[in-house]
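# Architecture and fold: a report
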Number of protein chains: 2
Amino acid sequence: MNKVALLGCGIVGGGVAAIMRDNAAYLEKSVGHPVELKYILEKRDCSGEPWADKVIGDFSVIENDPEISVVAECIGGVGVAYEFVKRALLAGKSVVTCNKQMIAERGLELLAIAKEKKVFLLFEASVGGGIPLLRPLTNCLSANRIEEVCGIVNGTTNYILTQMIQCGQDFDRALADAQKLGYAEADPTADVDGIDAMRKLCILVDLCFGSNLPPEKVPTEGIRGVTAEDAALAERLGYAIKLLAHARRLDGERFTAYVAPHLVARDNLLASVSGVMNAVAVRGNAVGETLFYGAGAGRMPTASAMVADILDTMRRGNGRKFIDWGPEQPERLVDPDAVPTRWFVRYSGGCVSAFSEDCISENGFCAAITPPMDRASLMAKLAGLEIESVFRVLD
Amino acid sequence: MNKVALLGCGIVGGGVAAIMRDNAAYLEKSVGHPVELKYILEKRDCSGEPWADKVIGDFSVIENDPEISVVAECIGGVGVAYEFVKRALLAGKSVVTCNKQMIAERGLELLAIAKEKKVFLLFEASVGGGIPLLRPLTNCLSANRIEEVCGIVNGTTNYILTQMIQCGQDFDRALADAQKLGYAEADPTADVDGIDAMRKLCILVDLCFGSNLPPEKVPTEGIRGVTAEDAALAERLGYAIKLLAHARRLDGERFTAYVAPHLVARDNLLASVSGVMNAVAVRGNAVGETLFYGAGAGRMPTASAMVADILDTMRRGNGRKFIDWGPEQPERLVDPDAVPTRWFVRYSGGCVSAFSEDCISENGFCAAITPPMDRASLMAKLAGLEIESVFRVLD
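Now for a description of the structure that goes with this document. (Residues numbered from 1 in each chain as written. Chains lettered and ligands numbered in written order. Predicted model: local features only at pLDDT ≥ 70, side-chain atom pairs only at ≥ 80, totals over all residues.)

Scanning chain A for helices and strands turns up 13 helices and 15 strands. Taken over C-alpha atoms, the radius of gyration comes to 23 Å for chain A, in line with the 21 Å a tight globule of 395 residues would show. Principal axes of the C-alpha set define a box for chain A whose edges measure 70 × 45 × 35 Å. Counting every position in chain A, which comprises 395 residues, the buried fraction comes to 53%. Once local pairs closer than 6 in sequence are excluded, the contacts in chain A between residues at least 24 apart make up 74%. (Helix = DSSP H or I, 4+ residues; strand = E, 2+ residues; numbered from the N terminus. Rg over C-alpha atoms; globule rule 2.2 N^0.38 Å. Buried ≥ 20, exposed ≤ 12 C-beta atoms within 10 Å, placed from the backbone. Contact = placed C-beta atoms within 7 Å.)

Encoded structure:
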């Protein structure tokens, strides 16, 4: 018992193997016994690797080995990863994963299996990479009703926006730089269109508000529409543009959840989160505002969170529940466009007098921060004008 | 079983009672059964209070009641609080506390009793108030060797310094304001002289580096020596002055730990932590830099952390170890003055040419940021000059 199998030994999986080797003394001290990596499931040829003797190609060896108590999934996606995770749980093994897509889309089903089998499905690494976030949310803040969660959860887009803000780069140039540095993939869609952030938001909402939020229900806007002019104007008005995953409890048990670029006031810590770093602010009814900051991605930070989850499954030998959430409650979810908020608007064809308080007017266009209103009211006020940009302001 | 006794019902204790009443539904959902507050040990007359029917005056009632599984200590100090906590642990009850003095001074002994009795002694609220910090450190970052911990852990002094930085107030005026607002006590010694921060640092070091650090071994400098001029000059050089509790691993297993005002560069998130808020940065060898931010004191934030600890004792029914640290290892502790660092110095009687790079010279004095050196080297360079201020620069 108490041995570990790793599924996939790419970037993050390799990090998990490295931590288990390099920090072995700390791990043993933490759980009171050695923590041994027994198998690595990997299709590619690993004959030159230091862990070559652990590599196997057949998942059923892991599934059927009673010595394996934890399976660490680093394959990604919802294909074989989902199949293997489900089989591992059904075989009575705990699973730790960094796979946000799988948890966002299949978490409800997989957690139910884990609960039934009295094993753990832990996924600290799926949101915020190495930042301790989900466990603090579910444990340390468990005395609170969570009112709001709002974060920078995608390092690629935060890097691109930081370049646009600090260096005046336009989106295409900043994206090309991010790709050159390895911060963005060749196909950057999942990042720049907000899909990655949206999956993470689903997981946060599931945990904070207790009912399943299907990814397709989350209004998601990426950063392709943000221009260098917007970033510069926001700066002049005292704000930084950030892509935020944002969910807020409204009256009763209702809540709203969406991903969109926001203007964040400079005295908010989130405005100071630069480059590929992530940060998530959580507001509880007792604790008030808290914020968790750190590396949201990368080999070692993500692996750090996965190994901590592995240790956690070993410490919690008693099969008590750790994480779960209920089925979807569609009646709780409110369209964010119906929730009044302040807006940043850039438009031409005249200036709206109601927006005159925080307003910059030059070169034939106006940029303004509006009073709080819903999107329909905003659009009514802007009727007949040529709208360049519309972003929410975080309050 | 699974009932709670509260020792002391003042500010924080009252908050614990309020959360247990107001958030009862969330607490029950979190542990799977109702969480009942059965006794409140309180000497003063509580006949008008809503919890008057729970008030008792004799600790032995709690000690001898098998229904009580958790004792929440909100008395403070190391007098009766220490006596009652020890007796509660010996009687086989878990204890949660916000009492940093008791944990810093007697944690080693009390944790050993808890371990022997297979109960928990939890103290999340003792450092950083409501910020989830100690559990993330000991659990979520358990795959890491912690390299450095550095934080703003005293809200009173951070409020005073913020006033000095943002409003140009001098120390006495800022302290008087803090006292008027209830942020500082009539006798502010424990806060402004760094004693409170030092106790919290001891707890952080105990947890991060694994051996007991006695409070009397920690070089501690408060903020009485910080002037409005220092704050303004630091600002001009691109830094904010912050009182930091700082511990860093050196080569081998050695480490240094001390409390002192530091200059913090403006692009470090710690520089943006204003007013009474707290934040602690933690660097691990796998995760890199993380930061935890929130309300470091106050009735509800502190109570939030204590109630989360109460719930945690109920979830972890299996008596496994959660927190402990080893006895003192004096040979590991290095005098911070012997560790090279950059310094901010303000002096008159001439300018030191070696400090010319980051230097302001006016009104007959010089203010400079030095290259890294130990304190003795610094003092040698300043020989013969009239030194006004010497503070470390955080790197």
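Let us look at the interface of chain B and chain A. Listed per partner, the contact involves 44 residues of chain B and 44 residues of chain A. Those elements that provide at least two residues to the side of chain B that touches chain A are α2 (24-31), α6 (134-140), β11 (288-295) and α12 (299-315) of chain B. Looking at which element gives the most residues to the side of chain B that touches chain A, the answer is α12 of chain B, with 10 residues. Bridging between strand β11 (residues 288-295) of chain A and β11 of chain B involves 5 bridges; their strand directions are antiparallel. What sits directly across from Thr290 of chain A, in β11 of chain B, is Gly294 of chain B. (Pairing = 2+ DSSP bridges.)

What follows is about the environment of Arg266 of chain B. Residues and elements named next belong to chain B. Following the sequence through the fold, Arg266 ends up in the loop between β9 (255-265) and β10 (277-284). For Arg266, a count of 13 C-beta atoms within 10 Å puts it in the partly exposed group. Taking the C-alpha atoms as reference points, Arg266 and Lys117, 149 residues apart in sequence, are found 48 Å from one another. Arg266 has contacts with Gly238, Tyr239, Ala240 and Ala271, leaving out every residue within four places of it along the chain.

What follows deals with the packing of helix α4 (residues 80-90) of chain A against helix α5 (residues 100-117) of chain A. All names here are of chain A. Running from amino to carboxyl end, α4 crosses α5 at an angle of 15°, the nearest separation of the two axes being 9 Å. Considering the angle they form, α4 stands roughly parallel to α5. Here α4 runs over α5; the crossing is right-handed. The residues of α5 that touch α4, namely those facing Ala81, Tyr82, Val85, Lys86, Leu89 and Leu90, are Met102, Arg106, Leu110, Ile113, Ala114 and Lys117. (Axes fitted to C-alpha atoms, helices over the stretch in contact; angles between N-to-C directions. Parallel < 35°, antiparallel > 145°, perpendicular 65-115°, else oblique. Left-handed = near helix turned anticlockwise from the far one by under 90°.)

Moving on, we come to the relation of the copies chain B and chain A. The relation between the two copies of this chain is a rotation about an axis and a shift parallel to it. Between chain B and chain A, which share one sequence, the superposing operator has a rotation angle of 180° and an axial displacement of 0.0 Å; the RMSD is 0.0 Å. Put plainly, the chains are arranged around a two-fold axis. Every residue of chain B has its C-alpha some distance from the rotation axis, and the shortest such distance is that of Phe292 of chain B, at 2.5 Å. Taken as a fraction of all interface residues of chain B, those also at the interface in chain A reach 100%, which identifies the copy contact as same-surface. (Least-squares fit on C-alpha atoms with pLDDT ≥ 70 in both.)

Next up on the list: α2 of chain B. Residue and element names in this part refer to chain B. For α2, the complete set of buried residues consists of Tyr26, Leu27 and Ser30. With its buried residues spanning 100° around the axis, α2 presents them on a single face. Set apart from the buried face of α2 by more than 90 degrees, the exposed residues are Ala25 and Lys29. Each element contacted by the buried residues of α2 is listed here: α1 (11-22) and α12. Remark: Gly32 follows α2 within two positions and exhibits a positive phi of approximately 90°. (Arc of directions from axis to C-beta.)

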